[in-house]
Amino acid sequence: MCGRYVLFSDPDLKEIREILEEVQRKNETFQTGEIFPTDKAPVLIRERGAVTPEAIVWGFPHRYNKGVIINARVETVRERSMFRRCLPSRRCVIPSTGFFEWSHDANKVKYQFNLPGTDALYMAGLYDEFQGEKRFVILTTAANFSMQDVHDRMPVVLDGNGRNRWLEDAQSAMELLNRVPPELARVPM
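The structure displayed is predicted, hence computed values, not measured ones. (Residues numbered from 1 in each chain as written. Predicted model: local features only at pLDDT ≥ 70, side-chain atom pairs only at ≥ 80, totals over all residues. Heavy atoms only, no water.)

## Some details on the pattern of salt bridges
Tallying each qualifying case throughout the model produces 15 salt bridges. Close ionic contact of Arg-186 with Asp-149 constitutes a salt bridge, the shortest N to O distance being 2.7 Å. Of this pair, Arg-186 sits in strand E15 (residues 185-188) while Asp-149 sits in the loop between strand E12 (133-142) and strand E13 (153-155); the two residues are 37 residues apart in sequence, bridging distant segments of the chain. In this structure Asp-149 comes out as exposed when scored by relative accessible area, which is 57%. Ionic pairing is found between Glu-175 and Arg-165, a salt bridge with its closest N-O pair at 3.5 Å. Note that Glu-175 is positioned in helix H4 (residues 170-177) and Arg-165 in helix H3 (residues 160-168), a separation of 10 residues in sequence. The class for Arg-165 is partly exposed, based on a relative accessible area of 26%. Within this structure, Arg-4, Glu-34 and Lys-110 form a network of salt bridges that share partners. (Salt bridge = Lys/Arg side-chain N within 4 Å of Asp/Glu carboxyl O. Helix = DSSP H or I, 4+ residues; strand = E, 2+ residues; numbered from the N terminus. Buried < 20%, exposed > 50% of the residue type's maximum accessible area, 1.4 Å probe, protein only.)

Now the structure itself:
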């Protein structure tokens, strides 16, 4: 599960900073720092043959109550009508500097998970339009060894080549859904 993530515009994070600056040039408002469901945050989408950053709201509206759906399980994304139609052509990449998860023991320790060796962490997602507004969800998969003792789910994490493959090629995107995610580092908060 991914219920919150973090996006900082630190000057040392050149690739993240460039994404944020591009969205700002479009005069779009968005959240940085700790990102919560229903916040508007930058994502990368493919439109008119080019990858472009855009500020989009996190969470698909729930059909049966007033909440939002923030994650989609890779195991069922092809079956659920809400996500199935997005998979062929409405894939997105969510840039971040890490995501948060809480332990399920009595202490409820909050951890920030990061990709070792880089300050950026990119997650696979899907987007759609609801009442004229684009919204996204984060795809989750079974947790790998680096996460299993904290939570049984984790985001689908994409490396540099994986980001392009996820956005540009439907066949490669399907292969990425079945890949074991990279090992992550964690820091208690």
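## Examining the sheet that holds strand E1 (residues 4-7)
Here we have 5 strands laid out as an open sheet, ordered E2-E1-E9-E10-E15, and antiparallel in their pairing. In this open sheet, the two edge strands, each paired with only one partner strand, are strand E2 (33-35) and E15. Neighbour-to-neighbour, the strand axes of this sheet turn through a mean angle of 30°, independent of strand direction. In this sheet, strand E9 (residues 98-102) lies alongside E1 in antiparallel orientation, the contact comprising 3 bridges. By the bridge assignment, Tyr-5 is partnered in E9 with Phe-99. (Pairing = 2+ DSSP bridges. Axes fitted to C-alpha atoms, helices over the stretch in contact; angles between N-to-C directions.)

## A look at the packing of aromatic side chains
Here the structure, examined in full by the defined rule, presents 6 aromatic pairs. Both rings, one in Trp-58 and one in Phe-136, keep their centres 6.2 Å apart while their planes meet at 5°; by these two values the pair is stacked. Note that Trp-58 is positioned in strand E4 (residues 50-58) and Phe-136 in strand E12, a separation of 78 residues in sequence. A residue is classified by how much of its surface remains accessible, and Trp-58, at 0% relative accessible area, is buried. Taken together, Tyr-5, Trp-58 and Phe-136 form an aromatic cluster joined through their ring pairs. The ring of Phe-100 has Lys-110 sitting right over it, with the charged end atom 4.3 Å from the ring centre. (Phe/Tyr/Trp six-rings, centres within 6.5 Å; stacked < 30°, edge-to-face > 60°. Lys NZ or Arg CZ within 6 Å of the ring centre and 35° of its normal.)

## Describing the packing of H3 against H4
Where H3 meets H4, the closest approach of the two axes is 6 Å, and the angle between their N-to-C directions is 125°. Between H3 and H4, the interaxial angle falls into the category oblique. H3 and H4 meet at a crossing whose hand is left-handed. Mapping the contact onto sequence places Gly-162, Arg-165, Trp-166 and Glu-168 in H3 and Ala-170, Ser-172, Ala-173, Glu-175, Leu-176 and Leu-177 in H4. The residue inventory of the contact of H3 with H4, partitioned by class, reads 5 nonpolar, 2 polar and 3 charged. (Parallel < 35°, antiparallel > 145°, perpendicular 65-115°, else oblique. Left-handed = near helix turned anticlockwise from the far one by under 90°. Contact = heavy atoms within 4.5 Å. Nonpolar A, V, L, I, M, F, W, Y, C, P; charged D, E, K, R; others polar.)

## Overview of the pairing of strand E11 (residues 121-130)
Of all 10 residues in E11, 9 are buried, a share of seventy percent or more. Strand direction decides the pairing type here: strand E8 (residues 91-96) and E11, joined by 6 bridges, are antiparallel. Within E11, the position partnered with Val-93 by the bridge is Ala-124. Bridge analysis of E11 against strand E14 (residues 157-158) gives 2 bridges, and the strand direction is antiparallel. Note on E14: the bridge partner recorded for Tyr-122 is Leu-158. Taking the residues between adjacent antiparallel strands as the criterion, E11 and E12 are bridged by 2 residues, where Gln-131 takes a positive phi near 50°.

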